[in-house]
Amino acid sequence: MRLKYVLNEVLVGLWRNVTMTVAMIITMAVSLTMLGASVLLYMQVDQMKNFYYGEIEVSIFLRSDVTDAQRSAIDSAISANPLVSQKTYETREEALERFQQLWKDSPEFVKSVGPNSLPESFRVKLKDPETYKTFTDQMTGMQGIQDIIDQRALLDKVFNIFNAIQVGALVVAGVMALAALLLVGNTIQVAAYSKRREVAVMKLVGASNWFIQAPFVLEAVVAGIIGAVLGFIFLFVSKIVLLDTKLQALTNILTPIDNGNVWLMLPLLAGVGALVSAATAWITLRFYLKV
């Protein structure tokens, strides 16, 4: 009987303040969508780091006047180095061919690069990309070497951009979450005020604090869960419509987002939405109803 009463009060309360309830659900949905997007971005950046850092190569570019003896000495030094996993030698002709393949969509740019513009090089993959500095120090100073470049330095710049976007998404999610909390608290206050006489009567007849607070807390929980479901639907649809179709070309640069990771957002967002809404409602009631 008590459970039926509590559930009935929840439905009545949601309908009684339908405008504020809708506003609360929308605000919660937006903040949880931003939270889910930032969590997905965090997971994706970690996945991309594991993938791309595992494919990192150190490029050792040779001078244009390198001699056969110097080239052989560099080759031997790389092969004998215990930090090296594998190496590949690339001639000028091979470098030009690879360049033309990479920039085939920009014929004018390709024409501007002559056969002697690109140096020959060794492409070295290290067993541990973190040992780049040690490897560079060991190779620096050898005759015939023009420059040593680590792809990690370029990738770090890219990932710094992703990290900035991630922080920005978290900040927006935090601001929206604060707005959602204020709205939840305000909605609960309005609901409690509209039932202040009923609450007073229940307190006089000895109703427990839980029994009085339960309908209000459950109202907030239901709104939070609905907002979480809407946020998840928006994330999932955005992933299918944008990343899997219109922006599919980005998968050549970005590792694809696994559907399993997106589905993980449903229990996460629902849990966060329900917990935050319940805690906000309970704290609001403790101050407002003094129960």
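What you are looking at is a predicted structure, and each value in this text was computed from that prediction instead of being measured.

Definitions and cut-offs
Residues numbered from 1 in each chain as written. Predicted model: local features only at pLDDT ≥ 70, side-chain atom pairs only at ≥ 80, totals over all residues. Heavy atoms only, no water. Helix = DSSP H or I, 4+ residues; strand = E, 2+ residues; numbered from the N terminus. Areas by Shrake-Rupley, 256 points an atom, 1.4 Å probe, with all protein chains shown as cover. Buried < 20%, exposed > 50% of the residue type's maximum accessible area, 1.4 Å probe, protein only. Pairing = 2+ DSSP bridges. Axes fitted to C-alpha atoms, helices over the stretch in contact; angles between N-to-C directions. Contact = heavy atoms within 4.5 Å. Salt bridge = Lys/Arg side-chain N within 4 Å of Asp/Glu carboxyl O. pLDDT = per-residue confidence, 0-100. Core = buried A, V, L, I, M, F, W, Y, C linked by side-chain atoms within 4.5 Å. Polar contact = N/O pair within 3.5 Å; in protein donor to acceptor, adjacent residues only side chain to side chain. Patch = residues over 30% accessible without salt bridge, like charges linked within 9 Å, V, L, I, M, F, W, Y side chains within 5 Å. Arc of directions from axis to C-beta.

Novice: Sorry if this is basic, but what is going on with the overall build of the protein here?
Specialist: Regarding its fold elements, the protein presents 10 helices and 4 strands. Roughly 16,700 Å² of accessible area belongs to the protein as shown, and the carbon and sulfur atoms make up 65% of that amount.

Novice: What is the right way to look at the pairing of strand E1 (residues 58-62) in this model?
Specialist: One face of the sheet, then the other: side chains in a regular strand alternate in exactly this way. Across the 5 residues that make up E1, a large majority, 5, are buried. What you see with E1 is no split at all: Val58, Ile60 and Leu62 on one side and Ser59 and Phe61 on the other are buried throughout. Examined bridge by bridge, E1 and strand E3 (residues 121-126) share 4 bridges and lie antiparallel to one another. Across the sheet, residue valine 58 finds its bridge partner in E3, namely valine 124. Note: E1 against strand E4 (residues 145-150), 5 bridges, orientation antiparallel. Residue pairing across strands places serine 59 opposite isoleucine 149, the latter belonging to E4.

Novice: Whenever I open this one, the environment of threonine 19 confuses me. Can you help?
Specialist: Here threonine 19 shows up in helix H2 (residues 18-54). Considering only alpha carbons, one finds threonine 19 and threonine 187, 168 residues apart in sequence, at a separation of 9.8 Å.

Novice: Explain the sheet that holds E4 to me, please; I cannot follow it from the model alone.
Specialist: Hydrogen bonding along the main chain pairs the strands of a sheet, whether they run parallel or antiparallel. Read from one edge to the other, the open sheet built from 4 strands follows the order E2-E3-E1-E4, with strand pairing classed as antiparallel. Every interior strand has two partners, whereas the edge strands, strand E2 (84-90) and E4, have only one. Averaged over all neighbouring strand pairs, the angle between strand axes comes to 20 degrees, with direction disregarded. Along the sheet, helix H6 (residues 132-139) contacts E1, E2, E3 and E4; its crossing angle with E4, the most-contacted strand, is approximately 175 degrees.

Novice: How do you make sense of the pattern of salt bridges when you look at a structure like this?
Specialist: A side chain with one charge can pair with a side chain of the opposite charge if their charged atoms come near. According to the stated counting rule, one finds 6 salt bridges in the structure shown. A salt bridge links arginine 63 to aspartate 65; the nearest nitrogen and oxygen atoms lie 3.1 Å apart. Taking relative accessible area as the criterion, arginine 63 reaches 40% and is therefore assigned partly exposed. In this structure, the salt-bridge partner of arginine 71 is aspartate 68, at a minimum N-O distance of 2.7 Å. Placement of both arginine 71 and aspartate 68 in helix H3 (residues 68-80) is noted, with a separation of 3 residues, approximately one turn of the helix. Given a relative accessible area of 19%, arginine 71 falls into the buried group. Each member of the salt-bridge network shares a partner with another, and the members are Asp68, Arg71 and Glu120.

Novice: Teacher, can you tell me more about the confidence of the model for the protein here?
Specialist: In regions of low pLDDT, the predicted coordinates are not meant to be interpreted in detail. For the protein, per-residue confidence averages 75 on the pLDDT scale, and 74% of positions sit at 70 or higher. Looking across the protein, the model is least confident in helix H1 (residues 2-16), with a mean pLDDT of 56, and most confident in H3, with 90.

Novice: Can you walk me through the nonpolar core in this structure?
Specialist: Nonpolar side chains in soluble globular proteins tend to be buried together. Within the largest apolar cluster, 25 residues are counted, with the highest numbers of intra-cluster contacts made by Val184, Ile188, Val217, Phe232, Met265 and Leu269. Among the elements that take part in this core, helix H9 (residues 209-246) stands out by supplying 9 residues, more than any other. Apart from residues lying up to four places away in sequence, methionine 265 is in contact with Gly36, Val39, Leu40, Met43, Phe232, Leu235 and Ala270. Ranked by size, the runner-up nonpolar core spans 15 residues in total, among them Ile78, Phe122, Phe135 and Ile148.

Novice: For this particular structure, what's the right way to read the side chain of serine 121?
Specialist: Tracing the sequence through the fold places serine 121 in strand E3. Assessed through its relative accessible area of 0%, serine 121 is described here as buried. A distance of 3.4 Å separates the side chain of serine 121 from the side chain of arginine 123, its partner in a polar contact. Setting aside residues no more than four positions away along its own chain, serine 121 makes contact with Ile60, Phe61, Thr88, Tyr89 and Glu90.

Novice: How do you make sense of a nonpolar patch on the surface when you look at a structure like this?
Specialist: Judged by side-chain polarity, Val222, Ile225, Ile226, Val229, Leu230, Ile233, Val237, Ile240, Val241 and Leu242 come together as a nonpolar surface patch covering roughly 710 Å² of accessible area. Structurally, the position occupied by isoleucine 226 is in helix H9. Classification of isoleucine 226 by relative accessible area gives partly exposed; the value is 36%.

Novice: When you look at H6 in this model, what are you seeing that I'm missing?
Specialist: Restricting attention to buried positions, one finds in H6 the residues Phe135, Thr136 and Met139. For H6, the angular spread of buried residues about the axis comes to 100 degrees, placing them on one side. Here the buried face of H6 lies against E1, H3, E2, E3 and E4. Once H6 ends, the next one or two residues include glycine 141, with phi positive near 100 degrees.

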